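# Examination of the molecular architecture
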Amino acid sequence: MGAIDLHARPTRDFDAKLEQTRKLLLRAASEFAPLKQASSLGAEDVVITHLVNGLELDIPVFVLETGALHAETLRLLERTQATSRAPVEVYRPVQEAVVQFVQREGNEAMYRSIDLRKACCAIRKLEPLSRALAGQRAWITGLRREQSAARSDVALIDTPDAEGRIKINPLADWTWGDVWHYIATHGVDYNPLHDQFFPSIGCAPCTRAISLGEDFRSGRWWWEEETAKECGLHVHQQEKAAA
Ligand code: ADX
Ligand code: SF4
C-alpha cells in the first residue's frame, strides 16, 4: 500500500481550507514580494509548488541541495525543474567548507554530538539558506502544526525575524490526510520515499523510515532528544534570542 492509500483522508472542512490557502498565497504574492518558496521536495512542499503554479504566481522555488540528499529526492528535483512553471533554484553548500569539515570530523560526525550535527547543518543548510533568502521580504514553507509539539503553534503568517523577513506557512492547519488528499486528487508528483514509510524527509544520513505508531518526525535525527531535533531553519525568535 502506498502513501496515497494509507493517508489520503481529508478533514471535513478541506474545501474551505484549500480556498483559504489559495487566498493566502495570492495575498502573499501581492503584499510580501519579493518572496520565495523553500522546498525540501517533501509532500507538503510539492503541494505548495503545485498551488503556486496553478495560481500562476511569481514565486520562485528554492531547494537547499545539501550534497547529502537521497537519490529519490534528487530525481524528484530534476523532474520538478523540468515541469514547474515557477523557476526552481538550487543552492549548494560551499564545497571547500564541506570538504574541510568531512576531512576533519569524518562522514559520521553528526552522530557523535549535537554540536557536530549542528555544525554540519550550518555548513550544508544554513549558509546556503542565507544566500537563498538574501534580498527577500518573505519566504513560504511547508511547516504544519501537526508535525511536532515544537511546531504546534506555527502561524499562517509569522512575526518578522531579526532581519524583518516574514515566514509564511500556508499549510499550517492542514493535516497529513489533507496533504495526501490534495496529492491524490491533483495527481501531484511526490518523493517515492513516502511510499516506504518516510513521512519527513531530510538528508540521507539523518533520515530513516518509521514504524507503525511512531511520531511523524521520529525518523529525523532519531538518535537525539526530541527538543534538539531542528536544524536551525525553523528556530523560534525567542529561542534564537536565548541562545
Ligand atoms: S527541517 O528543519 O526539519 O529540515 P522539515 O524537513 O520539517 O524541516 O521541513 C520544513 C520546511 O522547511 C519545508 O516544508 C521547507 O519549506 C523547508 N525546508 C526543509 N528542508 C529544506 C531544503 N533542503 N531546501 C529548502 N527548504 C527546506
Ligand atoms: Fe548534515 Fe544531517 Fe544536517 Fe544534513 S541533516 S546538514 S547531513 S547533520
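This text gives an overview of the structure that appears in the document. (Residues numbered from 1 in each chain as written. Chains lettered and ligands numbered in written order. Predicted model: local features only at pLDDT ≥ 70, side-chain atom pairs only at ≥ 80, totals over all residues. Heavy atoms only, no water.)

## Regarding the sheet that holds strand E3 (residues 88-91)
Ordered by their spatial adjacency, five strands build an open sheet running E3-E2-E1-E4-E5, and the pairing between neighbours is parallel. With one partner strand each, in any of the chains shown, E3 and strand E5 (166-168) form the two edges of the open sheet. The mean inter-strand angle of the sheet, taken between neighbouring strand axes irrespective of direction, is 30°. Here three bridges tie strand E1 (residues 35-38) to strand E4 (residues 138-140), and the two strands are oriented parallel to one another. Pairing of Leu35 across the sheet is with Ala138, part of E4. Where helix H4 (residues 71-83) meets the sheet, its contacts fall on strand E2 (61-64) and E3, and the angle it forms with E3 comes to roughly 145°. (Pairing = 2+ DSSP bridges. Helix = DSSP H or I, 4+ residues; strand = E, 2+ residues; numbered from the N terminus. Axes fitted to C-alpha atoms, helices over the stretch in contact; angles between N-to-C directions. Contact = heavy atoms within 4.5 Å.)

## What to know about the nonpolar core
Judged by nonpolar contacts, the single largest core of 38 residues is most densely connected at Ile168, Trp180 and Ile183. For this core, the elements supplying multiple residues, two or more each, are helix H2 (14-31), helix H3 (43-54), E2, H4, E4, E5 and helix H7 (176-186). For this core, the element with the highest residue contribution is H3, accounting for six residues. When neighbours within four sequence positions are excluded, Ile168 is seen to be in contact with Leu24, Ala28, Phe32, Leu35, Ala138, Trp139, Ile140, Thr141 and Leu156. One finds Phe62, Ala109, Leu133 and Leu233 within the second-largest nonpolar core, a separate group that totals 18 residues. (Core = buried A, V, L, I, M, F, W, Y, C linked by side-chain atoms within 4.5 Å. Buried < 20%, exposed > 50% of the residue type's maximum accessible area, 1.4 Å probe, protein only.)

## Here we look at the site of ligand 1
Surrounding ligand 1, one finds 19 residues, the nearest of these being Ala38, Asp45, Arg151, Arg220 and His234. In the model, an oxygen atom of ligand 1 is placed 3.4 Å from a nitrogen or oxygen of the Lys125 side chain. With respect to ligand 1, the side chain of Arg151 contributes an N or O atom lying 2.8 Å from an oxygen atom. Out of a free accessible area of 530 Å², ligand 1 has 95% covered by protein chains. Considering each element in turn, the shell around ligand 1 owes the most residues, three residues, to E2. (Near = heavy atom within 4 Å. Polar contact = N/O pair within 3.5 Å; in protein donor to acceptor, adjacent residues only side chain to side chain. Areas by Shrake-Rupley, 256 points an atom, 1.4 Å probe, with all protein chains shown as cover.)

It is worth stressing that arrangement in space is one thing and function is another; only the former is reported here.
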